[in-house]
Amino acid sequence: MKLSKTSGVLGALFILFFSSTEVKSQDKFPDGTAIPKWFKENKPTDINKLGKKYILTDNGLKNDSTVLQTKQFQAVIDNAAKNGGGVIVVPKGTFLISSLFFKQGTHLYLENGAKLKGSDDINDFPVVTTRMEGQTVKYFPAIINADGLDGFTISGKGTLDGNGLRYWKSFWKRREWNPKCTNMDEMRPRIIYVSNSKNIQIEGITVRNSPFWSTHYYKSEFVKLLNLTILAPKEPVKAPSTDAIDIDACTNFLVKNCYLSVNDDAIALKGGKGPKADRAPENGENRNIIIEDNTFGFCHSALTCGSESIHNYNILFRNSTVKDASRLLHLKMRPDTPQHYEYITLDNIRGNVKTFLYVKGWSQFFDLKGEEKPKRSLANNVVLKNIDISCETAFAVEKSDLYELQDFTFENLTIKALKPEEQNLSAIQNLKQIKVNVTKVASLGQTYDKKDDSDLATK
């Protein structure tokens, strides 16, 4: 049948309208608000527009992995800041440092083959006031520190190497001697710490072998992490507490096209802990976080809320592949802290995990600080959709008087599991299931570590 010109125009308009509607529907945060253009306008860092270049080897530093050159490197940063800013260029080679503190207008560029290697002697690091595990405390700074900056960038194809082996061995030896020792008892630095800053872009580099958390962002906004590789091993020595990305009381944050494989959580949402954490000015919520187009190797959880977290709102995790993670989504319900996790969506995920959804109490270093009763927490408006995954356990969801789970939606899920455990979903109030196919299988192509240390804190 031949279409008339009018019907053809109407058809074209219908298609245009439908396509436009579909694009808009994909362009919203979980709470239905529009995603700003900032999240989509991602351009490579152009160091030619960032001012004068200060090449380390032209400014008194030597390509020598055995000589600590922190003071010389800091002098280059300070000189650049004094003269209007610029880019500190690390040429091909290895440079041994401890903590560096970037100033307004200064940037870091790592050439292909360049490596900044952290000292494995904690005595080379100062003790400062910093943020760690949901508290403002005296502790050690990171190797790369940026505080109160606007427009700071790290770019290039080189490597930040935390040189963590000695710290990891010391941690496990301490834990063997004292099983109750905390993560901070073994003194160790992070690799990147950005705080109280805005308009930040970290792009292209490799971050590996961190002694502690790999990268940590606190009270910062408009942060983009693009095309990063963040690595820390699980063997032959496990790299403890090496979270790839810790987002701590931040707003408008993008993680895109990254590869993350560490011996702890890949992406953890932090914010504070303790019975009065929601009233303390140093704490805060995470809001408008997009995590997309990433690949996850081994990690404890691809996405975790907690363990120090008070409010996470509008979290969108999508279009990603997960391989060998212990968990896809982990909601750590901390009984000594008021928590609210809401409007969290995981969409279009493929791969394999040990546990698909993990929601239980998290009692590591529990402390009510004199309060009589634990705080009651809530997780609501959590959506898992368009996911094809294989796993050992589908749903490790624990019912508790200490928290409520409500208004979850499962849509278009294909799950192959050794243990479907669908009865555990009774802990969720008002659970909507649309096209959910959970299949019990006799075996999987992937096996998981029976002594997975990610379970320790829940016991």
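See the structure printed just above.
Now for a description of the structure that goes with this document.

Cut-offs used in this document
Residues numbered from 1 in each chain as written. Predicted model: local features only at pLDDT ≥ 70, side-chain atom pairs only at ≥ 80, totals over all residues. Heavy atoms only, no water. Core = buried A, V, L, I, M, F, W, Y, C linked by side-chain atoms within 4.5 Å. Buried < 20%, exposed > 50% of the residue type's maximum accessible area, 1.4 Å probe, protein only. Helix = DSSP H or I, 4+ residues; strand = E, 2+ residues; numbered from the N terminus. Contact = heavy atoms within 4.5 Å. Salt bridge = Lys/Arg side-chain N within 4 Å of Asp/Glu carboxyl O. Expected span 1.5 Å × (residues − 1). Phe/Tyr/Trp six-rings, centres within 6.5 Å; stacked < 30°, edge-to-face > 60°. Lys NZ or Arg CZ within 6 Å of the ring centre and 35° of its normal. Pairing = 2+ DSSP bridges. Polar contact = N/O pair within 3.5 Å; in protein donor to acceptor, adjacent residues only side chain to side chain. Disulfide = S-S within 2.5 Å.

One finds F73, I144 and F356 to be the most contacted residues of the largest nonpolar core, which totals 105 residues. Broken down by element, the residue count for this core peaks at nine residues, all from strand β28 (residues 377-397). Filtering out sequence-adjacent residues up to four positions away, F356 remains in contact with L328, L329, L384, I387, I389, C391, T393, A394, F395, L413 and I415. The next biggest cluster of nonpolar side chains, apart from the first, holds seven residues, and it includes F29, L254, I290 and L316.

What follows deals with the pattern of salt bridges. Summed over all chains, the structure comprises 16 salt bridges. Measuring nitrogen to oxygen at the nearest pair gives 3.0 Å for the salt bridge that ties D248 to R131. Of this pair, D248 sits in strand β19 (residues 245-248) while R131 sits in strand β8 (residues 128-132); the two residues are 117 residues apart in sequence, bridging distant segments of the chain. Note on accessibility: D248 and R131 belong to one class, buried. Salt-bridge contacts for E186 lead to R174; the nearest nitrogen and oxygen are separated by 3.0 Å. Separated by 12 residues along the polypeptide, E186 in the loop between α3 (165-177) and β13 (192-195) and R174 in helix α3 bring together distant segments of the chain. Looking at E186, the relative accessible area reads 11%, which means it is buried. Salt bridges sharing common partners tie together K256, E292, D293 and R318.

What follows covers helix α2 (residues 70-82). The terminal C-alpha atoms of α2, which comprises 13 residues, lie 18 Å apart, in line with the 18 Å expected from a rise of 1.5 Å per residue. Following α2 by one or two positions, G84 adopts a phi angle in the positive range, close to 95 degrees.

Along the polypeptide, C250 turns up in the loop between β19 and β20 (251-256). Overall, the relative accessible area of 0% leaves C250 in the buried class. Expressed as a C-alpha distance, the spacing of C250 and I289, which sit 39 residues apart in the sequence, is 8.4 Å. Once you skip the residues sitting within four places of it in the chain, C250 turns out to touch Y217, Y218, K219, S220, E285, N286, R287 and I289.

Take the packing of aromatic side chains next. Enumeration according to the criterion identifies 13 aromatic pairs in this entry. Over the ring of F212 we find R188, and its NZ or CZ is 4.0 Å from the ring centre. Positioned above the aromatic ring of F298, the side-chain terminus of K234 is 4.5 Å from the ring centre.

Pairing geometry for strand β26 (residues 311-333) and strand β27 (residues 340-361), over 18 bridges, is parallel. Its bridge partner lying in β27, H330 is registered against Y358. The pairing of β27 with β28 spans 16 bridges and is parallel. Along β28, the bridge assignment pairs T345 with V383.

Secondary-structure assignment places G274 in the loop between β22 (267-270) and β23 (286-292). A relative accessible area of 5% means that G274 is categorised as buried. Remark: the alpha-carbon pair of G274 and E308, spanning 34 residues in sequence, is separated by 8.4 Å. Excluding its chain neighbours within four sequence positions, the residues that come into contact with G274 are D336, T337 and P338.

Right, let's get into unusual backbone geometry. For the peptide bond that leads from E235 to P236, omega is 0 degrees, which places it in the cis range. Along the polypeptide, P236 turns up in the loop between β18 (229-231) and β19. Omega for the peptide link from G306 to S307 comes to 10 degrees, which places this bond in the cis form. Mapped onto the fold, S307 is located in the loop between β25 (299-305) and β26. Within the chain, K219 stands out as a residue other than glycine whose phi angle is a positive 45 degrees. For K219, the location among the structural elements is in the loop between β16 (215-218) and β17 (221-226). With a phi close to 65 degrees, N348 is a non-glycine residue in the positive phi region. Turning to its location among the elements, N348 is positioned in strand β27.

Pairing geometry for β8 and strand β9 (residues 135-139), over five bridges, is antiparallel. In the sheet register, T129 faces β9, and the bridge partner there is K138.

Here the focus is the environment of D150. As for its placement among the helices and strands, D150 is situated in the loop between β10 (144-147) and β11 (153-156). Residue D150 is classed as partly exposed on the basis of its relative accessible area, which comes to 35%. Through-space distance from the C-alpha of D150 to that of E221 is 9.8 Å; in sequence the pair is 71 residues apart. In this view, D150 contacts Q104, K198 and N199; residues no more than four positions away in its chain are not counted. At a separation of 2.9 Å, a polar atom in the side chain of D150 contacts the side chain of N199.

Per the stated rule, a full pass over the model turns up zero disulfides. There is no disulfide at C250, and the cysteine sulfur nearest it, in C305, is 14 Å away. For C305, a relative accessible area of 1% corresponds to the buried category.

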